[in-house]
Every structure is written in structure tokens, then in C-alpha cells.
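Results of the structural survey
If you want the building blocks of each chain, they are given just below.
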Amino acid sequence: MSATQGETHEFRAEIVKLLDIITHSIYTNKEIFLRELVSNASDALDKLRFETSRGTAVADPDTPLEICITTDKEAGRLTIADTGCGMTRDELVDHLGTIAKSGTEAFMRSVADNTDAASNLIGRFGVGFYSVFMVAKQVAVTSRSANPEAAPARWISDGSGSFVVEDAPADTPRGTSIEIELRDEAKEYADPARLKDVLRKHSNFIAFPILVDGEKANTIPALWRESKFSVTPEQYKEFYQFLTYDNEEPLATIHVSVDAPVQFTALLFVPSKGLGPMAFRDALHHGLDLYVRRVLISKEVKELIPEYLGFVRGVVDTEDLPLNLSRETLQENLVLRKIQTVLVKQILEKLKNLAKENPDKYAAFFKEHGQALKLGYGDFANRESFAELMRFDSSAIAPEADFTSLAAYAERAKEGQKSIYYLSGPSRAALDLNPHLEIFRAKGLEVLYLYEPVDEFIMDTIGTYKDLALKSAELADHAELDVFAGEAPKTDTPELTQEEAGSIDDFLKKIKELLGERVTDVRLSTRLTQSPSCLVSPDDHMTSSMQNIMRLVSKDTSIPKKTLEINRDHALIRNLLAIYRRDGADPFLAKAVEQLFDSALLLDGYLSDPHQMVARINDLLADASALHAK
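Below is a short write-up of the structure. (Residues numbered from 1 in each chain as written. Predicted model: local features only at pLDDT ≥ 70, side-chain atom pairs only at ≥ 80, totals over all residues. Heavy atoms only, no water.)

With that settled, consider the sheet that holds strand S21 (residues 519-524). Note: strands within a sheet are paired through backbone hydrogen bonds, in either parallel or antiparallel orientation. Within the open sheet, the three strands sit side by side as S21-S23-S22. Their pairing is mixed. On the outer flanks of this sheet lie S21 and strand S22 (533-536), each paired with one strand and no other. Direction aside, the axes of adjacent strands within the sheet are offset by 25 degrees on average. Relative to strand S23 (residues 562-566), S22 runs antiparallel, the two sharing four bridges. When the sheet's bridge partners are listed, Cys 534 is paired in S23 with Glu 565. The strands that helix H18 (residues 498-515) touches are S21 and S23; relative to S21, the one it contacts most, it runs at about 155 degrees. (Pairing = 2+ DSSP bridges. Helix = DSSP H or I, 4+ residues; strand = E, 2+ residues; numbered from the N terminus. Axes fitted to C-alpha atoms, helices over the stretch in contact; angles between N-to-C directions. Contact = heavy atoms within 4.5 Å.)

Okay, structure coming up:
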């Protein structure tokens, strides 16, 4: 492909500097040269189609609009040809030798301090063609303008500082052909399989056929550009599987076309399953693929979707961005933030409709993706939609049933009820035994069960739902509960005698004395019906679960001081009262009180070292068994 006789031109000085960066720097992403040349070819075809639609006469009007790539693997050569608008001799000189002075200078400023950024910026400033010199020893561009009167011409350069322009054969077809003699280290791009892989990654959705050695490479249409009313479910499924390699059908499809505040189209999918082991991949690789005019700009763009919707897969295509944005520009781009705002509302609305129209399907979705979705508690702009999508276990539903919504709780709420109550714990079995639940069970009031730390933050964020305050059962105002009918199950313990009742206050003081500064107070409980004791926050402000989270974050190992409440009708408390009345210094009383306190700490998640508790239990069992052995 040696240069023949013709006019020799020198590149502009700034282009010489640009070519020096391209040819002498090491890039990790050399394959983008193919994306840039194919994008240029697509633009040329678009221009020709526009001109013919206006009635402009063009050369070879019956030639199909396509991009043809041919390879010579043995010789290490590659040709990329299009049948677009082409260029005249003067346009070859201008476009490939002196074009875009301002753009080239802007590019040079952008990479002045970081030449490795060049491969991420090529194309952004109108210098995309020159990326070919990342892989080329020499390039020959042969072009014939669509103007029937224009003669064809050829442009030849090795990228070293000058180029030659000469006449091309008269029978040159309309369009542009770029013949590339590859460098030795870049001959992989003469391999058709390698080219198809790059094209599928970057240029799969170009509107015109791309043929590699006669075989069409872009076989999947850009469905997001089509009207959603013309796309079949089978086409959506095929596109989803192409995008995700998931064999199952998507749980939901979201196809949107938006004109304001930003013009873009998007095709999004909610997978029926997480796409990685325990959905770990979703957390690490969330994001949508960003296209500009069907050309892939970047995969997994996190700026297009928040992390809590990271399970969503899909593509976004916009006309309002330049080609080949740098990663830093993506992170700061206002257009992307506007797109994200619209997409989040569309996704949440789709999920709300799914929950309303197909509760079983939504329950399956929440089981699979609920943990990720819960991270949206910080999205205050969409708090109402977020609240509608949350699901929780509940004391009012069977253990094997699907979780319930806040809306369903509100419908079941008793007349006059002012709050939605919830309680945190490690499991349903643990919460069923939680002392704080006893008064609610007695009153027939439903309590939501929270199993994960994030659930507490969700409740704090939502705050109020349909005029019902979200309130922990642990911190409930018992005056508020007194208005509801219902009593605790009757116990076998007899009524206190006058003498026993007169000893209660001193008994409570004795327990406070034994526990010392570890509790703020000891008092009789109005909430307990079956348990002997429980701990209650004195300020009624923070639940024990939230306190444990805060202690973990701050690495605080101290135990918060709380009030110990005693159930006067429990058999154990009655026995301890009898022991106290007989001998307030009995060592068994001290051991039993310590055990009551540790048991309450254990239930609230504060007991970090159970060794002393186990030893004490063994002592108490020895004492109790000695009584039975007599």
C-alpha cells in the first residue's frame, strides 16, 4: 500500500502532535478505532439518506446503504467501506488534514497532563478518524462524493506528518473505503471473529447493515428506537437474552421515549432472578448501557440509575450527549442526572403497577430483589412510591404467607388506631417470644416484623403512611393502647394479699439496689402478660435494634442504661417476692435478679459475653434441682 505520485500535504502542527500521542502511546482500548470508523461510516450513510429524502440527485442512487468490512488475515490488512455521501478531493484534504482545528486543540489540552486518557476522549472533539493510527502502519482512504459531477480521490498517510492526495480510478463506487495496513502487534483486527466481537460490543445497533466478509454482524435491531406498540413480546425476550445472557424471561419490561427535559429512549428489564451468585454481581456491576445515536459510549453507567435499582438491566440512547464522553464527564454530566430522575420514576411506577395487577408476581420479585430495593430508603424524592413497594412479615399473617404491604396493614387497622406498629428481631420465632409483643397480642393489634437492620431506617424514613405514624412496639405509648379492648390471658397466680402488695415497693427497691447503676429504674409493667421482665428505653426515643446498630457503627461496647419492668403476676416474680419477704439477703435472690437482667439483655441483643450467664444458670439449676431431690 505504498504511496503513489500525487500532491503531498503537511498536517497542521496540532494534528502532528495528536498523531504523535496516538502512535507512540500505549492504550488499553485500541479496539475503539473500529467503533469510530464505523460511526463515521454510519454518519455518512445518514447524510446520504437525508439528501435523497430531500430529492437531491446522487451518484449510484440504487446502491444499497451498508457498511462492508473485508479482511486479509494473512497480510494483516483490513478495509472498511460505506456507500454513504463520500468526499470530494478538497473535502479529503480539509476533513483529514486540516479539519477541526479548535476541536483538535481542545483534545490536546484534555490529554496534556494524562496521555492515557486519550483513548477515552477520541471522537469527542471531532478527531475520531485519527484513532486508526493506533493500529495502522499506513492508511489509504478512497472516496467518491455523492455529487454526480465530482471525481473520486484517494488520501494516503502513515501518520508521520504528511499525507498524499491523488486521483482514484474513475469506476470507484460512491462512498468511502478505508484500507488499513495493520501494525504487527495489531493484526488481531484482521481476524473476522475478533472484529465481530468488537462490533457486537460497540456498534451492534447501528441502523445500517454491517457486513464482515459478506456476513451480517449486527443482527439484533435497536428495539428501543422502535415504537413499543410495534414490538412483540418475543422480540423483547430475544433482546433481553442478548443483553443479559439470561435464559429466563424478564419479570417486567419498561420501554420509554422521552422528549423533555431530555430527549432519550430507553429499554429496561427487571430480571426474574439476580444475575450473579446471591445477586452479588448486581451490587458490583449495576448500571445501564449508554448509547449516543445507537453507538455504545459506555457499559454499566452507574450515573443512569441508583444503586438500589441496580438489578435493572437495559440501554439508554440519547441525542443530547457528544460521542465518547470521558468517565469523569459522565460522572458530572447534568443530562445523565436528568435521565436518571425520569428513569427512576418510570421504574417505580412500573413496579407499583405490577404489585397492584399481579401481587403474586410482585411477591416473587420482592423475594428476589427486595434487599436491593430496600436501599432506596434514602431517596426522599420518591419516598411515597418507595413506601408502596415495601413488604414486611407480620403478626397478622401466617408464617408461610407472602409478606404484607403498608397499604394492607392500613386496611386491617382497628378503628381509632393512630399508628402502624413494628418490632425488630432476628426471626419470626424470636419476635413471637418478644415480651414487647405481649400487650399487642392481648389487644389484637397487628405488628410488622422487621428482620434486617435496614428495615429500621426504612421506617424512620417513611415516618407516616396514610396518616398512620410508623412506631416501634417497643416505644409505644400504652395510654394509646388502653383504648382498645382486650385483656391478657388469665394466669393461675392468685391475687396478691394485702401484706404482699405492701411489700412490692420495697421489693422493687431491692432489685434496683442489686442491679445498681446498670438500670435507670425498676418498675411494675403494664405491657407484660407472659414474660417475667423486660428492658424499656427510658427516653422512648430509640429502639434497642437501632441502638445496637449505632453501637456497632461507633464501636461502642457499653450497655445502654434502661428501665427494668417487672410482671407482678408472673410465677417467678411471685416466688422471688416470697423469698425477699422471708429473707432479703438470701443469695438466691441476688442470683435470680442477675439472671432476669441478663435474660432481658439477651432478648434485646446487648449481651455480648454469655459465659457468666451460663455459669449462673447452672448454679440456679443446681439449687432448683436440690429442692426437687428432697
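Now that the structure has been shown, we can carry on.
This next bit is on empty space enclosed by the protein. Over the atoms a probe the size of a water molecule is rolled, and this reveals where empty space is left. Counted according to the given criterion, the structure contains one cavity of 30 Å³ or more. Approximately 30 Å³ is the volume attributed to the largest cavity. Forming the boundary of the largest cavity are Pro 435, Ser 533, Cys 534, Leu 535, Ala 600, Leu 603 and Asp 604. Those elements that place two or more of their residues in the lining of the largest cavity are S22 and helix H21 (587-604). The class makeup of the residues in the lining of the largest cavity is five nonpolar, one polar and one charged. (1 Å grid on protein atoms, 1.4 Å probe; cavity = no way out; pocket = protein on both sides within 12 Å on 5 of 7 lines; lining within 4 Å. Points joined across faces, edges and corners; volume = space filled by probe spheres on them. Nonpolar A, V, L, I, M, F, W, Y, C, P; charged D, E, K, R; others polar.)

Spatially, nine strands are ordered S1-S6-S5-S4-S7-S3-S2-S8-S9 in an open sheet, and the strand pairing comes out mixed. Looking at the sheet topology across the chains shown, the edges are occupied by strand S1 (7-10) and strand S9 (215-216). Where strand S5 (residues 153-157) meets strand S6 (residues 162-167), four bridges bridge the pair, whose relative direction is antiparallel. By the bridge assignment for S6, Ala 153 is matched with Asp 167.

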